[in-house]
Amino acid sequence: MEQQHYGADDITILEGLDAVRLRPGMYIGSTGTRGLHHILWEIVDNAIDEAANGFCDKIDVRIYKDGSVSVEDNGRGIPTDIHPKTHVSGVQVVFTQLHAGGKFDEHNYSFSGGLHGVGASVTNALSKWLKVRVNKDGDTWEMEFHSYFDEEKNKYESGVPVAPLKKTGKCGKAHGTFVHFMPDDAVFSTVQYQLSTVSHRLKELAFLNKGLSITLTDERITANEYVDEDDEDHAQQLDLLGATQPYSVTFCYTGGIADFAAYLNEGKSKLYAQPLYYKGERDGILVEFAIQHTGEFTENLFSFVNNIPTPEGGYHEMGFRGGLTRMLNDYARDGKLLKEKDANFLGEDFREGLTAVLSIKMKNVQFEGQTKTKLGNPEARSPVESCVVEGLRELAAQAKNKKIFDDIIKKAQGAARVRIAARQAKDTARAKNSIDSLTLVGKLAACSGKKPELNELFIVEGDSAGGTAKQARVRQYQSILPLRGKPLNVEKKRLDQVLANEEIRTIISALGAGVGNDFNLDKLNYHKVIILSDADQDGFHIRCILLTFFFRYMRPLVNAGHVYIGMPPLYKVYKPSGSAEEYAYDDKELQEKIEKVGRGYLIQRYKGLGEMSAEQLWSTTMDPMRRNLTQVTIEDAAAAEDMITTLMGDRVEGRKEFLNRNANFNKQDAFMDRVKLKKEGDNEG
């Protein structure tokens, strides 16, 4: 190999915001939809930090017709005076310097979601333009930044100030910050903000910050666009939306996370009418929790650290579960609801049907895990556990709550009986023995590869498609599991009922990682679990049932990004002569393929996977180099919980209301609106 000169002059120094523009994924995760929303969250989080520290009680978020977005708060306002080291205004420092902010000093913010000082500057770097207005100490200040390609320097200049910060008027007693920016379509694959994504996050933040008013306005649409003007129920539908024109809603919850727990349990049968709520502090950590038991059989714990969701859990969740188990066992003993000879309840007995919201605020937060959404501070566990024990004791000591706690123990007794009765079924489902092997005989076409990180499991609808997939696969790393009927809809089903379903048992056995509380991601046989169903109503129903099962009983599988949807083509566009053949995965792509094939084309509409030959199935759906595979992740766990409860449970009225609001009958898979889908190989997290 020819030697090349490599000296100091070959080292590139990225100045200012150049690094953000060159490697945006390092700062916002991706340049897809998630990254687009991330630069909005960076500005929103700055306003939320003002609110969390008592300086702000109102935030307005607005999406404009041109696609730009603004965030306004009535906090203290970004500092406008000159920074002693950079000799420019505090506003310019915040929006042009990485790792610059007021959150490194605990004097300014006791608790903060923004920890690294890169938020506002990253948003500026990835925007075409950004405008900021600050009301502070009686004066209004304004500044504008632009990003553009400098032909003389042959480089992109990111977030460059148009002019220094300028005083533009008086503001009286008003105070706060207004930030308005346009995401750069040269950076992002899409610059269209999703109303549902923004709305759910802002609603969640309003729950987490008691009394904070957050208004969301979307000028791109009016409330009328959601409803049929000619429908007699138009007025009722408009009322359901709770929106004005243009679309605008305000979120404000005086009950905070207690209201959050009640919202999550809407439509469910409840063991007690109102959630139990407690707020306390231990060792400098603020702890809030709200709990409510329902008639469901699965646990739903939603945890947050400094307003940041932690779906992967962490030490605060360990402390919460430990405190809950310890206190309720003590209560059962003290009240003679557990006899001396009886063994203590297990934590899972108390958590059957439990909906809990846990929010803590602490300093020096460390996140880890698959998606950096797991609390890695061991010192958080003990204070949280102590607060939970103390809080539950205080609540139990109140006479009005005695029946509630007695009912919780009774529910735990029932759960314990079911647990003991189901132990044999659980062992059968998870044990590596001959019974598991018999379950899979004649069903699973296993691959020969022994490395789970390389192996793929296709869960295929029907024996016909399963047979074709077995012929098409690469045996070294692709396994095929045909389903011989619809699996059980596990919503509102106990684990013993779930394990009685043969198709579900087969899936559990094939994955090899257990189920429910015993699920162990380290034992997973396949790092890609691909649902491959027909593109019809039955196929979509099977997809929904399987996703519900994974969400309820194997949630770490979804959190870790191991669940995928195989997307078979809907059409084949070809010429009878065989001179051209193209596949289309949707109607838009169909038109493109028709133009590509040219005159004299024919169209074949695939109704099922069984209509394809093994060669066609491989080339369109199973070949890693050509297939259209999408990944399922939980973008918003609380929204996913609400969606699954509504669509897969027995709430007929709730389902009807949801369809009135959201149904688009031209879109075949409405169920997926609350989970994130991404193309394989995208940087989307």
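All figures in this text were calculated on a predicted structure; none of them were measured in a lab. (Residues numbered from 1 in each chain as written. Predicted model: local features only at pLDDT ≥ 70, side-chain atom pairs only at ≥ 80, totals over all residues. Heavy atoms only, no water.)

Caption draft 1: Structural context of the nonpolar core. Ranked by internal contacts, the top residues of the largest apolar core, which has 62 residues, are Phe 95 and Val 132. Take this core: its biggest share by element is nine residues, from helix α3 (residues 33–52). Apart from the residues within four sequence positions on either side, Val 132 is in contact with Ile 78, Val 91, Phe 95, Trp 141, Glu 142, Met 143, Phe 145, Thr 177, Phe 178 and Val 179. The next biggest cluster of nonpolar side chains, apart from the first, holds 40 residues, and it includes Ile 507, Val 529, Ile 531 and Cys 544. (Core = buried A, V, L, I, M, F, W, Y, C linked by side-chain atoms within 4.5 Å. Buried < 20%, exposed > 50% of the residue type's maximum accessible area, 1.4 Å probe, protein only. Helix = DSSP H or I, 4+ residues; strand = E, 2+ residues; numbered from the N terminus. Contact = heavy atoms within 4.5 Å.)

Caption draft 2: Main features of the environment of Ile 59. With respect to the secondary-structure elements, Ile 59 resides in strand β1 (residues 58–63). The exposure class of Ile 59 is buried, given its relative accessible area of 0%. The spatial distance from the C-alpha of Ile 59 to the C-alpha of Phe 251 is 9.9 Å, given a sequence separation of 192 residues. Apart from the residues within four sequence positions on either side, Ile 59 is in contact with Ala 47, Ile 48, Val 71, Glu 72, Asp 73, Leu 212, Ser 213, Ile 214 and Thr 215.

Caption draft 3: Molecular detail of the side chain of Thr 620. By secondary structure assignment, the location of Thr 620 is in helix α20 (residues 614–622). Only 2.9 Å separates the side chain of Thr 620 from the side chain of Thr 621, close enough to count as a polar contact. (Polar contact = N/O pair within 3.5 Å; in protein donor to acceptor, adjacent residues only side chain to side chain.)

Caption draft 4: Looking closely at the packing of α3 against helix α6 (residues 195–208). One can describe the packing of α3 onto α6 by two numbers: an axis separation of 12 Å at closest approach and a directional angle of 20°. The pairing of α3 with α6 is recorded here as roughly parallel in orientation. The two elements α3 and α6 cross, and the hand of that crossing is right-handed. Along the contact surface, α3 presents His 37, Leu 40, Trp 41, Val 44, Asp 45 and Ile 48, while α6 presents Thr 197, Val 198, Arg 201, Leu 202 and Leu 205. Class assignment for the residues of the contact of α3 with α6 results in seven nonpolar, two polar and two charged. (Axes fitted to C-alpha atoms, helices over the stretch in contact; angles between N-to-C directions. Parallel < 35°, antiparallel > 145°, perpendicular 65-115°, else oblique. Left-handed = near helix turned anticlockwise from the far one by under 90°. Nonpolar A, V, L, I, M, F, W, Y, C, P; charged D, E, K, R; others polar.)

Caption draft 5: Structural view of the sheet that holds strand β14 (residues 354–361). On the basis of which strands lie adjacent, the open sheet formed by five strands has the order β10-β11-β14-β12-β13 and mixed pairing. Edge positions in the open sheet fall to β10 (276–282) and β13 (308–309), since each of these has one partner strand only. One ladder, built from seven bridges, connects β10 with strand β11 (residues 285–293); its direction is antiparallel. Its bridge partner being in β11, Tyr 278 is matched across the sheet by Phe 289. (Pairing = 2+ DSSP bridges.)

Caption draft 6: Quick peek at unusual backbone geometry. The residue Asp 137 is not glycine, and still its phi comes out positive at about 55°. Considering the arrangement of structural elements, one finds Asp 137 in the loop between β3 (127–136) and β4 (139–150). Judged by relative accessible area, which is 72%, Asp 137 ranks as exposed.

Caption draft 7: Representation of the pattern of salt bridges in the model. Applying the stated criterion to the full structure yields 28 salt bridges. Across the pair Arg 201 and Glu 204 runs a salt bridge, and its minimum N-O distance is 2.6 Å. Here Glu 204 and Arg 201 lie together in helix α6, a separation of three residues that amounts to about one turn. Overall, the relative accessible area of 11% leaves Arg 201 in the buried class. With relative accessibility at 6%, the residue Glu 204 sits in the buried group. (Salt bridge = Lys/Arg side-chain N within 4 Å of Asp/Glu carboxyl O.)

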